[in-house]
Amino acid sequence: MLLLKNKSAFKTTLLIFSIVIASSSIYYTEMLVKKLAQREEKMIDLYAKGLKFIVSPDNNGNISFLFNEIIEANNSIPVILTDEKHQPISSKNISIPENISERKTTTLLTIELEEMKDQHEPILVEYPAMGIKNYIYYRNSYLLTQLLYYPYLQLIVVSFFGFIAYLAFSYARTAEQNRVWVGLAKETAHQLGTPISSLMAWIEIFKATPAFAENNIVEEIDKDIKRLEIVTSRFSNIGSSPKLSLEKIFEVIKESVDYLQLRISSKIQLSVATNLNEDFEIPMNKPLFSWVVENLVKNAVDAMNNVGSIHIVINQEKVNKIIIDITDTGKGMTKKQAEQAFTAGFTTKKRGWGLGLTLVKRIVEEYHGGKIKIKNTEIDKGTTFRIEMDC
Ligand SMILES: Nc1ncnc2c1ncn2[C@@H]1O[C@H](COP(=O)(O)OP(=O)(O)OP(=O)(O)O)[C@@H](O)[C@H]1O
Ligand SMILES: [Mg+2]
């Protein structure tokens, strides 16, 4: 639980941190863009003044300095000079393909004018002495435009790499968890194997001893050993890639239910129903699947106060799909509990490990290619788990 809480606190901190970095990066670039835009505006203003001065009869003819320093120096801001009817006269920093007719050039510049108008109002240059009016149209330089989009592009690239890195790390973590899980299961099965074989040999000796054969002690021990064998085969199956074989689904579930009914309060009713033929077979690993049923039923029993009912329904929903609904009349879960129920380590029980549903999910989804979800849960009313399996 502590780990779960820390994990979500860590995620929130990470999220806040990323938002702060992203917004300060956007804020800083926008500040730069604003400054650059102001500079470009000033430059165009100067450009207009320069033009006016060149044409003005007041100047003493020494205009080459002005022309070179102001008008020619602008090699980044696209500008178009038009007459008073807004017809282009000349342009600068606009790429016009070579060898195109004058008419085409004018069309191109007119289109450009429209775009420029969207960005900035044209600057009027008046020459009262000559009775001429010109307009200067301009738009942001390529650099400014680039800078405008740069932070967003940067954020997209960084988030993309962040996402890939996250996937890689979580894949590596899951792979490591899998190795530990599988290794532990294999080792458990291996270690249980020796004492069980030895117990089996002992039971044969007991069976042959008349003193033991008379009462049912040997029979009971035999049952316990069979149970231990099932437990071992569960561990050894989960520790390797388990083989699926065609099994009668109703029978497998009924067997587990019968086994459990004897071990729970008699005030809890367990029942199984199906709309299928009872001999209907689907590919499954029997030791693992009965583990799923046991875990779900045990959780249902834990959710009840020793009284209630657990109903299992096996139905064919589509031609190739079977659904198994396990419904109990237990205490139900809150929305938050239901969201976390399948997370390893999540438990609301004093002595719980929070592993049952993780195991169930793994068996159903990874080993059988099926699906499991909480179909419905309501506080004090009960819960329905739904398993979907291919058939
Ligand atoms: N049928 C149910 N009704 C109400 N709550 C449930 C039900 N099944 C699961 N839960 C909730 O989900 C939690 C996780 O279940 P899970 O089986 O994974 O772990 P656990 O039963 O607590 O421990 P264990 O590892 O011993 O199974 C439970 O602690 C319980 O709060
Ligand atoms: Mg459990």
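As the structure is a prediction and not an experimental result, all values here were calculated from the model.

**Comments concerning the site of ligand 1**
And step 1. Close contacts around ligand 1 come from 19 residues, with N299, T347, T348, K349 and L355 the closest.
And step 2. In this structure, an oxygen atom belonging to ligand 1 sits 3.3 Å away from a main-chain N or O atom of G356.
And step 3. For ligand 1, the protein covers 90% of the area, taking 600 Å² as the surface of the free molecule.
And step 4. Mapped by element, the contributors of at least two residues to the shell around ligand 1 are α8 (286-302), α10 (356-367) and β11 (382-390).
And step 5. Taken together, the residues that form the shell around ligand 1 break down as nine nonpolar, eight polar and two charged.

**Concerning the pattern of salt bridges**
And step 1. Going through the model one piece at a time under the given rule, you end up with 15 salt bridges.
And step 2. The partner of E204 in a salt bridge is K207, and the shortest N-O contact between them spans 3.6 Å. Highlighted residues: E204 and K207, both in helix α4 (residues 142-208), separated by three residues, approximately one helical turn.
And step 3. When its relative accessible area of 47% is taken as the criterion, E204 is described as partly exposed.
And step 4. A relative accessible area of 39% means that K207 is categorised as partly exposed.

**As for the sheet that holds strand β1 (residues 79-82)**
And step 1. Taken in spatial order, the four strands line up as β2-β1-β4-β3 in an open sheet, and their pairing is antiparallel. Of all the strands in the sheet, just β2 (88-92) and β3 (123-127) have a single pairing partner and so form its edges. The average undirected angle you get between the axes of adjacent strands in this sheet is 20 degrees.
And step 2. Pairing geometry for β1 and β2, over four bridges, is antiparallel. Within β2, the residue paired with L81 across the bridge is S90.
And step 3. Against the sheet, helix α3 (residues 102-119) makes contact with β1, β2 and β4 (132-138), and its axis sits at roughly 110 degrees relative to β1, the strand it touches most.

**Some thoughts on the packing of aromatic side chains**
And step 1. A complete count under the given rule lists four aromatic pairs for this structure.
And step 2. Arranged with centres 5.9 Å apart and planes meeting at 80 degrees, the rings of F160 and F161 form a pair that is edge-to-face.
And step 3. The exposure class of F161 is exposed, given its relative accessible area of 55%.
And step 4. For the ring pair F342 and F385, a centre distance of 6.2 Å and an interplane angle of 80 degrees mean the geometry is edge-to-face. Taken together, the residues span a long stretch of sequence, with F342 in the loop between α9 (335-340) and α10 and F385 in strand β11 at a distance of 43 residues. There is no split in this pair, since F342 and F385 are both buried.
And step 5. The lysine or arginine in question, K361, covers the ring of F342, its NZ or CZ lying 5.0 Å from the ring centre.

Rules used in this analysis
Residues numbered from 1 in each chain as written. Chains lettered and ligands numbered in written order. Predicted model: local features only at pLDDT ≥ 70, side-chain atom pairs only at ≥ 80, totals over all residues. Heavy atoms only, no water. Near = heavy atom within 4 Å. Polar contact = N/O pair within 3.5 Å; in protein donor to acceptor, adjacent residues only side chain to side chain. Areas by Shrake-Rupley, 256 points an atom, 1.4 Å probe, with all protein chains shown as cover. Helix = DSSP H or I, 4+ residues; strand = E, 2+ residues; numbered from the N terminus. Nonpolar A, V, L, I, M, F, W, Y, C, P; charged D, E, K, R; others polar. Salt bridge = Lys/Arg side-chain N within 4 Å of Asp/Glu carboxyl O. Buried < 20%, exposed > 50% of the residue type's maximum accessible area, 1.4 Å probe, protein only. Pairing = 2+ DSSP bridges. Axes fitted to C-alpha atoms, helices over the stretch in contact; angles between N-to-C directions. Contact = heavy atoms within 4.5 Å. Phe/Tyr/Trp six-rings, centres within 6.5 Å; stacked < 30°, edge-to-face > 60°. Lys NZ or Arg CZ within 6 Å of the ring centre and 35° of its normal.

Just geometry here; none of it tells us what the structure is for.
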